[in-house]
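# Structural description and commentary
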Amino acid sequence: MSAAAAPRLHSALPAFVVPDVAAAAQDYRDRLGFRICFVVGPPEDRFAIVDLVPGQGVHLMSGNGEPGRRNVIDGQGIDAYWRAGDADRTYAELKARGARLLSEPADQAWKHREFGVAPADGHVFCVAGDLTGEFPQGAVVLSPEFRVPD
């Protein structure tokens, strides 16, 4: 009998509570370049997924809630980390779309070039481009930010 293969995590998508799921999905598409995968349900219980590439996106859910924020960029709490191959190119693309950019790209000690961007729903992404040359050009990774007590 062969041992079962260990499960492999391909992605962990952040889930954002927003007041208007359909409007948030459109903003992510229009201002940040995400693709709307789907929007379902009545307005008070709506759900959507938007992504940059398959498996790398955000869940949007109806409701009112206080986001759990831990890290800070440009004085604002980060909800998700968006890793891209080239921060400057991503910044230029987002600027051309009219995204609300919180800062310009800046080199960090941990060998990333980072800036903040916020869609209209008020969540904050830290966009990071790799400075080592090891992250594949054109690749995208979205990761949630979790606040824990210890």
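All of these numbers come straight from a predicted model, not from anything done at the bench.

Compared with an ideal rise of 1.5 Å per residue, which puts 12 residues at 16 Å, helix α1 (residues 21–32) spans 15 Å between its outermost C-alpha atoms and is within 8% of the ideal. All of the buried residues in α1 are Val21, Ala24, Ala25, Asp27, Tyr28 and Leu32. Looking straight down α1, one finds its buried side chains confined to an arc of 160 degrees; they lie on one side. Residue aspartate 20 occupies the N-cap position of α1, its side-chain oxygen lying 3.3 Å from the main-chain nitrogen of alanine 22. Glycine 33 sits one or two positions beyond α1 and adopts a positive phi of about 85 degrees.

Attention now goes to the pairing of strand β1 (residues 15–18). Residues Phe16 and Val18 line the buried face of β1, whereas the alternating positions Ala15 and Val17 sit on a face that is not buried. Pairing geometry for β1 and strand β4 (residues 56–62), over four bridges, is parallel. Following the sheet pairing, phenylalanine 16 is matched in β4 by leucine 60.

Take unusual backbone geometry next. Positive phi values are uncommon outside glycine, yet lysine 111 reaches one of about 65 degrees. Tracing the chain through its elements places lysine 111 in the loop between β9 (106–107) and β10 (112–118).

The next thing to look at is the pattern of salt bridges. The final tally for this structure, using the stated rule, is seven salt bridges. Among the salt bridges present, the one from aspartate 88 reaches arginine 113, with a minimum N-O distance of 3.0 Å. You can see aspartate 88 sitting in helix α2 (residues 87–97) and its partner arginine 113 sitting in strand β10, a full 25 residues away along the chain. Exposure remark for arginine 113: the relative accessible area of 22% places this residue in the partly exposed category.

Each value, and the rule that gives it
Residues numbered from 1 in each chain as written. Predicted model: local features only at pLDDT ≥ 70, side-chain atom pairs only at ≥ 80, totals over all residues. Heavy atoms only, no water. Helix = DSSP H or I, 4+ residues; strand = E, 2+ residues; numbered from the N terminus. Expected span 1.5 Å × (residues − 1). Buried < 20%, exposed > 50% of the residue type's maximum accessible area, 1.4 Å probe, protein only. Arc of directions from axis to C-beta. Polar contact = N/O pair within 3.5 Å; in protein donor to acceptor, adjacent residues only side chain to side chain. Pairing = 2+ DSSP bridges. Salt bridge = Lys/Arg side-chain N within 4 Å of Asp/Glu carboxyl O.

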